[in-house]
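Close look at the chain arrangement
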Amino acid sequence: MKTENGKSKMEGAATELVCIRCPIGCMVTVAKRPDGTWDITGNTCNRGAEYAKKELTDPTRIVTSTVRLRNGAQAVTSVKTKSDIPKGKMMECMAALRDVELEAPVRIGDVALANVAGTGVDMVVTKSVEKVG
């Protein structure tokens, strides 16, 4: 957005993001104006605008991975964070999972690792696996 003299009304440079809130994947352009409001274009729904603001102010992610199983019908089971965690904690979360080994049987929703990386969010099992033997 430009003023009459051609200067930008935005506080900082515009950032382009691909929205990940739905399968459309809109290319959203976002910038914060000097008055604190947001200039957001390219989104086809309100979820795109919400995503763009959050991504620039407090980015978070759901983390998915696997953990080892003892005595299970499979050697691993899938896990994910119960809710999103700060993006900057993702690597710490993955490092914490390296040492996790569960005893089969496990059920969907079982806590695999409580309070992962000090986020207050639990890693939970997303695939039930029976015990062997």
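Structure's up top.
The structure displayed is predicted, hence computed values, not measured ones. (Residues numbered from 1 in each chain as written. Predicted model: local features only at pLDDT ≥ 70, side-chain atom pairs only at ≥ 80, totals over all residues. Heavy atoms only, no water.)

**So, the nonpolar core**
Soluble globular proteins tend to bury their nonpolar side chains together. In this structure, V79, L102 and M123 are the most contacted members of the largest nonpolar core, which totals 17 residues. Listed by contribution, the elements that provide at least two residues to this core are β5 (64-70), α2 (90-97) and β10 (123-125). Excluding residues that lie within four positions of it along the chain, M123 makes contacts with V63, V79, K80, T81, C93, L97, D110, V111, A112, L113 and V116. The next biggest cluster of nonpolar side chains, apart from the first, holds nine residues, and it includes L17, C26, V30 and Y51. (Core = buried A, V, L, I, M, F, W, Y, C linked by side-chain atoms within 4.5 Å. Buried < 20%, exposed > 50% of the residue type's maximum accessible area, 1.4 Å probe, protein only. Helix = DSSP H or I, 4+ residues; strand = E, 2+ residues; numbered from the N terminus. Contact = heavy atoms within 4.5 Å.)

**Examining the side chain of R61**
Counting through the fold element by element, R61 comes out in strand β4 (residues 60-61). You can call R61 buried: its relative accessible area is 19%. Side-chain polar atoms of R61 contact the side chain of E55, separated by 2.8 Å. Those residues in contact with R61 that lie beyond four places of it in its chain are Y51, E55, T81, S83, D84, I85, K87 and M90. (Polar contact = N/O pair within 3.5 Å; in protein donor to acceptor, adjacent residues only side chain to side chain.)

**Regarding the pattern of salt bridges**
For side chains bearing opposite charge, pairing can occur when the charged atoms are close. Going through the model one piece at a time under the given rule, you end up with 10 salt bridges. A salt bridge links E103 to R70; the shortest N-O distance between them is 3.0 Å. Here R70 lies in strand β5 and E103 lies in strand β8 (residues 101-103), a separation of 33 residues in the sequence. A relative accessible area of 32% places E103 in the partly exposed class. We classify R70 as partly exposed; its relative accessible area is 35%. Between E130 and R107 there is a salt bridge, and its shortest N-O distance comes to 2.9 Å. With E130 in the segment after β10 and R107 in the loop between β8 and β9 (111-113), this residue pair connects regions lying 23 residues apart in the sequence. What you see here is one network of salt bridges that share partners, running through R70, E101, E103 and K131. (Salt bridge = Lys/Arg side-chain N within 4 Å of Asp/Glu carboxyl O.)

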